[in-house]
Amino acid sequence: MDCIFCAIANGEITSNKVYEDEEILCFHDLEPQAPVHVLIIPKKHFESLEAVTESAEDKELLGHLMSKVHVITESLGLENGYRLVCNTGEDGNQTVKHLHFHLLGKRKMAWPPG
Ligand code: 5GP
Ligand code: ZN
């Protein structure tokens with residue numbers, strides 16, 4: 001399977017890493033949309049959030065990912081807040097088909113999003 005984020009997760013393609021453990025990786029986005037813009041991914045390939053199931057394994061992995069958000073935001077100095085976004089599918093404007101969460105910060109975000 002040809003997946004750019006799998007290639008980043010397994011080290012075939014280099015990335016500017018912020019956090020890494022056995023299950024997840026956080027790295028800087030190539031085209032930042034805010035002063036801080038990183039992506040948080042499970043190393044395991046899911047096409048999108050829609051591919052995550054209620055299995056114990058998936059729940060553990062996604063719970064683990066979410067439990068590390070505060071570790072990442074603290075390391076990036078996002079004490080004033082941030083936005084965590086998961087673009088999903090066609091209407092969500094998802095371009096990379098490997099589940100990822102955008103973490104954006106260090107500027108005031110607009111609502112509603114475009
Ligand atoms: P999506 O549009 O799928 O929600 O977000 C994909 C994100 O991945 C975009 O913000 C894009 O800039 C980023 N991106 C795409 N290819 C690469 C890459 O090779 N390296 C990094 N660091 N970011 C990438
Ligand atoms: Zn992948």
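Below or above, wherever it landed, is the structure these notes cover. (Residues numbered from 1 in each chain as written. Chains lettered and ligands numbered in written order. Predicted model: local features only at pLDDT ≥ 70, side-chain atom pairs only at ≥ 80, totals over all residues. Heavy atoms only, no water.)

## Quick word on the packing of aromatic side chains
Tallying each qualifying case throughout the model produces one aromatic pair. Taking 5.5 Å as the distance between ring centres and 80° as the angle between the ring planes, the aromatic pair formed by phenylalanine 5 and phenylalanine 27 counts as edge-to-face. Here phenylalanine 27 lies in strand E2 (residues 24–28) and phenylalanine 5 lies in helix H1 (residues 4–9), a separation of 22 residues in the sequence. You can call phenylalanine 27 buried: its relative accessible area is 3%. (Phe/Tyr/Trp six-rings, centres within 6.5 Å; stacked < 30°, edge-to-face > 60°. Helix = DSSP H or I, 4+ residues; strand = E, 2+ residues; numbered from the N terminus. Buried < 20%, exposed > 50% of the residue type's maximum accessible area, 1.4 Å probe, protein only.)

## Side note on the side chain of histidine 37
Tracing the sequence through the fold places histidine 37 in strand E3 (residues 36–42). Owing to a relative accessible area of 4%, histidine 37 belongs among the buried residues under this scheme. Within the local environment of histidine 37, its side chain forms a polar contact with the backbone nitrogen of glutamine 33, the two atoms lying 2.9 Å apart. Within the structure, the side chain of histidine 37 is placed 2.8 Å from the side chain of histidine 102, a separation counted as a polar contact. The contacts of histidine 37, once residues within four sequence positions are left out, are His28, Asp29, Glu31, Pro32, His102, Leu103 and Leu104. (Polar contact = N/O pair within 3.5 Å; in protein donor to acceptor, adjacent residues only side chain to side chain. Contact = heavy atoms within 4.5 Å.)

## Remarks on the pairing of E3
Look at any regular strand and the pattern is simple: side chains alternate between the two faces of the sheet. The element E3 is extensively covered by neighbouring structure, given that seven of its seven residues are classed as buried. Inspection of the sheet shows E2 paired to E3 by five bridges, in the antiparallel sense. Pairing of isoleucine 24 across the sheet is with proline 42, part of E3. Where E3 meets strand E5 (residues 101–105), five bridges bridge the pair, whose relative direction is antiparallel. Pairing of histidine 37 across the sheet is with leucine 104, part of E5. (Pairing = 2+ DSSP bridges.)

## Focus on the coordination of the zinc ion (ligand 2)
At 2.0 to 2.3 Å from the zinc ion (ligand 2) lie its protein donor atoms, namely Cys3 (SG), Cys6 (SG), His45 (ND1) and His98 (ND1). Note that the zinc ion (ligand 2) binds four donor atoms; their angles at the metal cover 105 to 117°, and the shape is tetrahedral. Between consecutive donor residues of the zinc ion (ligand 2), the sequence gaps follow C-x2-C-x38-H-x52-H. Of the residues examined, cysteine 3 reaches a relative accessible area of 12% and is grouped as buried. Judged by relative accessible area, cysteine 6 falls into the buried class, the value being 19%. (Donors = N, O, S within 2.8 Å, 3.2 Å for Na, K, Ca; no water. Tetrahedral: all angles 85-135°; square planar, octahedral: opposite > 155°, others 65-115°.)

## Describing the site of ligand 1
Looking at ligand 1, there are 16 residues lining it, with Asp29, Asn87, Thr95, Val96 and His102 nearest. With respect to ligand 1, the backbone of leucine 30 contributes an N or O atom lying 3.3 Å from a nitrogen atom. Within the backbone of asparagine 93, one N or O atom sits 3.4 Å away from an oxygen atom of ligand 1. For ligand 1, whose accessible area on its own is 510 Å², the fraction buried by protein is 83%. Its atoms largely coinciding with the cavity grid, ligand 1 occupies the largest pocket. Within the residue set of the shell around ligand 1, elements represented by two or more residues are H1 and E2. A breakdown of the residues in the shell around ligand 1 according to their chemical character gives seven nonpolar, seven polar and two charged. (Near = heavy atom within 4 Å. Areas by Shrake-Rupley, 256 points an atom, 1.4 Å probe, with all protein chains shown as cover. 1 Å grid on protein atoms, 1.4 Å probe; cavity = no way out; pocket = protein on both sides within 12 Å on 5 of 7 lines; lining within 4 Å. Sits in = over half its atoms within 2 Å of the grid points. Nonpolar A, V, L, I, M, F, W, Y, C, P; charged D, E, K, R; others polar.)

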